[in-house]
Amino acid sequence: MGSMQAAPEGKLAPPWKLKRSELRKIYNSYAMATEKEAALLTVPTEREKLWIPESLRLKRAEHVEIAKIVNAAFLETLINDLPSDPLESVYKSGTTPAANTSKLGAGEQTNEKGEGSTCRTDVLEIKHYAGIKIGSQAYASMGSLLLHLFRDWSGECEHVNKEVYTPIVEELLKRVPLQPGQKAPSVLVPGAGLSRLSYEIALKGYEVESNEYSGVFCTIADWLFNRCQLPSEVYPLAHVFSENRRASDQYFNVSVPSPMPGVLLRRDEPNIQMTMTAGDFVGLYSVI
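Remember, it's a predicted structure, so these values are computed and weren't measured experimentally.

> I tried to follow the packing of aromatic side chains on my own but got confused; where do I start?
Describing an aromatic ring pair means giving the distance of the ring centres and the angle of the ring planes. On inspection of all chains with the given rule, the structure shows seven aromatic pairs. On the basis of an interplanar angle of 90° and a centroid distance of 5.8 Å, the ring pair of Trp153 and Phe225 is categorised as edge-to-face. With Trp153 in the loop between helix 5 (142-152) and helix 6 (158-175) and Phe225 in helix 8 (residues 215-226), this residue pair connects regions lying 72 residues apart in the sequence. Residue classification places Trp153 among the buried positions, given a relative accessible area of 0%. Residues Phe281 and Tyr285 carry aromatic rings whose centres are separated by 5.2 Å and whose planes lie at 35° to one another, so their mutual orientation is tilted. Taken as a pair, Phe281 and Tyr285 lie in helix 11 (residues 281-285) at a separation of four residues, close to a single helical turn. Looking at Phe281, the relative accessible area reads 35%, which means it is partly exposed. Counting every residue linked through ring pairs, the aromatic cluster contains Trp153, Tyr199 and Phe225. Sitting above the plane of the Trp153 ring, Arg196 keeps its charged end 5.0 Å from the centroid.

Conventions and cut-offs
- Residues numbered from 1 in each chain as written.
- Predicted model: local features only at pLDDT ≥ 70, side-chain atom pairs only at ≥ 80, totals over all residues.
- Heavy atoms only, no water.
- Phe/Tyr/Trp six-rings, centres within 6.5 Å; stacked < 30°, edge-to-face > 60°.
- Helix = DSSP H or I, 4+ residues; strand = E, 2+ residues; numbered from the N terminus.
- Buried < 20%, exposed > 50% of the residue type's maximum accessible area, 1.4 Å probe, protein only.
- Lys NZ or Arg CZ within 6 Å of the ring centre and 35° of its normal.

Encoded structure:
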């Protein structure tokens with residue numbers, strides 16, 4: 001872990017960053033599948049009506065609708081951070097209007113050739129190198145994104161950090177200790193997702209480079225670290241219809257992100273600079 005194969009040199013480019021239409025398309029697929037599953041519980045057959053009290057059905061329908069509204073509002077928060085594009089109206093649904101922002105998302109800039117990249121002052125700098133494949137939209141669903149936010153960036157799942165990530169960080173400190181007065185060791189975190197493990201390692205003083213194949217997760221990690229200023233409410237398990245003993249096991253809201261990585265790093269650790277490479281791990285780091 002102390003050393004890593006450097007990523008090949010190349011021009012920075014923003015192909016990892018989703019367009020609004022792409023994220024709306026992902027969300028629409030999630031919403032349609034979730035609503036279809038929910039209908040099996042909220043629209044009972046005539047026979048099921050004999051066994052399912054009307055009050056229970058109405059309560060379930062209320063949970064479904066609230067979760068739908070809250071998650072759609074979260075989508076708009078993410079949408080407003082992305083570059084607009086002509087196809088957005090094709091996939092736009094619902095009544096919540098997207099904010100009228102510039103063609104470049106907040107924190108994004110262009111060079112003299114018009115190529116986009118994350119802003120140099122960002123806490124998490126995301127890089128992409130020419131010729132390196134990035135996971136398509138199909139590689140990560142909205143359901144997967146909500147589950148990752150729930151697991152890695154909600155107070156309700158802080159036990160995951162303590163029981164999974166903390167032992168990794170402690171083992172790293174033993175095997176590759178920080179030496180006073182010396183340059184911090186570099187640590188590569190493959191399959192970084194939304195970068196919670198990378199964040200915990202960086203807080204200890206290591207120089208951290210994350211790698212993530214999915215453009216969806218790169219896009220949301222960029223928002224989490226670089227421009228998210230306030231937490232958002234989500235229903236992370238609204239699409240999970242198995243292993244629920246009661247409605248409250250599925251329909252509950254959490255606040256994300258917790259902690260607020262970008263806000264805390266700027267306030268408490270202004271010298272920490274994290275990087276992420278977008279794209280195929282083997283293509284980036286294999287020895288030729």
